[in-house]
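Listed below, chain by chain, are the residues.
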Amino acid sequence: MASANTCEVAISAGDSWSYSTKTISVPSDCEEFTVNFEHTGKLSKEGLGHNWVLAKTADVNAIAQDGGTQGLENDFLKQDDDRVIAHTPIIGGGENTSTTFNTSALDAKENYTFFCSFPGHTFMMRGTLKVEN
Ligand SMILES: [Cu+2]
């Protein structure tokens, strides 16, 4: 059993289109994994909001395309999109949020990408999530 600290990660984004990290590793002995996400900038969520969305890499572009028209109130995601493994709400400067997901949803052989679904951010705000062996 891993210690609680290894089953979570802190990631942030400010008033630009990038995350503080490009790679997240999930230890294979974590049953759940928590992502603590902070917006370290000053701009509002309407102006330059960010979220953290996890999906299979192959699904990312379609999720972002479908979500782009869904509005801030839906976190720019299609509601109940079962391609989305986990996501936080969109937050603005000075706010923080988190999401916890069950690692049984992850396959060590699969490629996962985390991204921001705010329109215009998706292609720059991306990183890789992998399960450690
Ligand atoms: Cu963003």
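This text follows the structure it describes.
Fair warning: this is a prediction, and the values are worked out from it, not measured in the lab.

Calculation rules
Residues numbered from 1 in each chain as written. Predicted model: local features only at pLDDT ≥ 70, side-chain atom pairs only at ≥ 80, totals over all residues. Heavy atoms only, no water. Core = buried A, V, L, I, M, F, W, Y, C linked by side-chain atoms within 4.5 Å. Buried < 20%, exposed > 50% of the residue type's maximum accessible area, 1.4 Å probe, protein only. Helix = DSSP H or I, 4+ residues; strand = E, 2+ residues; numbered from the N terminus. Contact = heavy atoms within 4.5 Å. Donors = N, O, S within 2.8 Å, 3.2 Å for Na, K, Ca; no water. Tetrahedral: all angles 85-135°; square planar, octahedral: opposite > 155°, others 65-115°. Polar contact = N/O pair within 3.5 Å; in protein donor to acceptor, adjacent residues only side chain to side chain. Pairing = 2+ DSSP bridges. Axes fitted to C-alpha atoms, helices over the stretch in contact; angles between N-to-C directions. Arc of directions from axis to C-beta.

J.: When you look at the nonpolar core in this model, what are you seeing that I'm missing?
T.: Within soluble globular proteins, side chains that are nonpolar generally end up buried alongside one another. The biggest cluster of nonpolar side chains holds 25 residues, and the ones touching the most others in it are Y19, W52, L54, F101 and L129. Among the secondary structure elements, those contributing two or more residues to this core are β1 (8-13), β2 (23-26), β3 (32-39), β7 (112-115) and β8 (126-131). The contacts of L54, once residues within four sequence positions are left out, are R83, V84, I85, A86, F101, L106, Y112, T113, F114 and L129. Counting eight residues, the second largest nonpolar core, distinct from the first, contains V53, A55, I63 and A64.

J.: I'm lost on the coordination of the copper ion in this one. Help?
T.: Expected angles at a metal are 109.5 degrees for tetrahedral coordination by four donors and either 90 or 180 degrees for octahedral coordination by six donors. Within the protein, H50 (ND1), C116 (SG), H121 (ND1) and M125 (SD) serve as the donor atoms for the copper ion, at 2.1 to 2.7 Å. Because the angles between the four donor atoms bound to the copper ion fall within 83 to 133°, the donor set is best described as irregular. On the primary sequence, the residues serving as donors to the copper ion are separated as H-x65-C-x4-H-x3-M. In this pair, H50 is assigned in the loop between α1 (45-48) and β4 (53-56) and C116 in the loop between β7 and β8, connecting sequence segments 66 residues apart. A relative accessible area of 0% places H50 in the buried class. On the basis of relative accessibility, which here comes to 0%, the residue C116 falls in the buried class.

J.: When you look at the side chain of D81 in this model, what are you seeing that I'm missing?
T.: Note on placement: D81 falls in the loop between α2 (60-67) and β5 (84-87). For D81, the side chain forms a polar contact with the side chain of R83, separated by 2.9 Å.

J.: It is not clear to me how unusual backbone geometry should be interpreted in this structure. Could you clarify?
T.: For residues that are not glycine, phi is negative in most cases, and the peptide bond is trans in most cases. Located in the positive-phi region is D75, a residue other than glycine, with phi close to 60°. Structurally, D75 is set in the loop between α2 and β5. For D80, which is not glycine, the phi dihedral falls at a positive 55°. Relative to the elements of secondary structure, D80 occurs in the loop between α2 and β5.

J.: How should I be thinking about the sheet that holds strand β6 (residues 96-102) in this particular structure?
T.: Sheets are built from strands that pair by backbone hydrogen bonding, the pairs being arranged parallel or antiparallel. In spatial order, the strands read β1-β3-β6; together these three strands make up an open sheet with mixed pairing. Strands at the two margins of the open sheet, each flanked by one partner only, are β1 and β6. Adjacent strand axes in the sheet meet at a mean angle of 20° when their direction is disregarded. Pairing between β1 and β3: six bridges, direction parallel.

J.: What exactly am I supposed to notice about α2 here?
T.: Every α-helical turn comprises 3.6 residues, leaving residues that sit three or four positions apart pointing alike. Residues of α2 that are buried: V60, I63, A64 and G67. End-on, the buried residues of α2 take up no more than an arc of 95°, which puts them together on one face. The secondary structure elements touched by the buried residues of α2 are β4, β5, β7 and β8.

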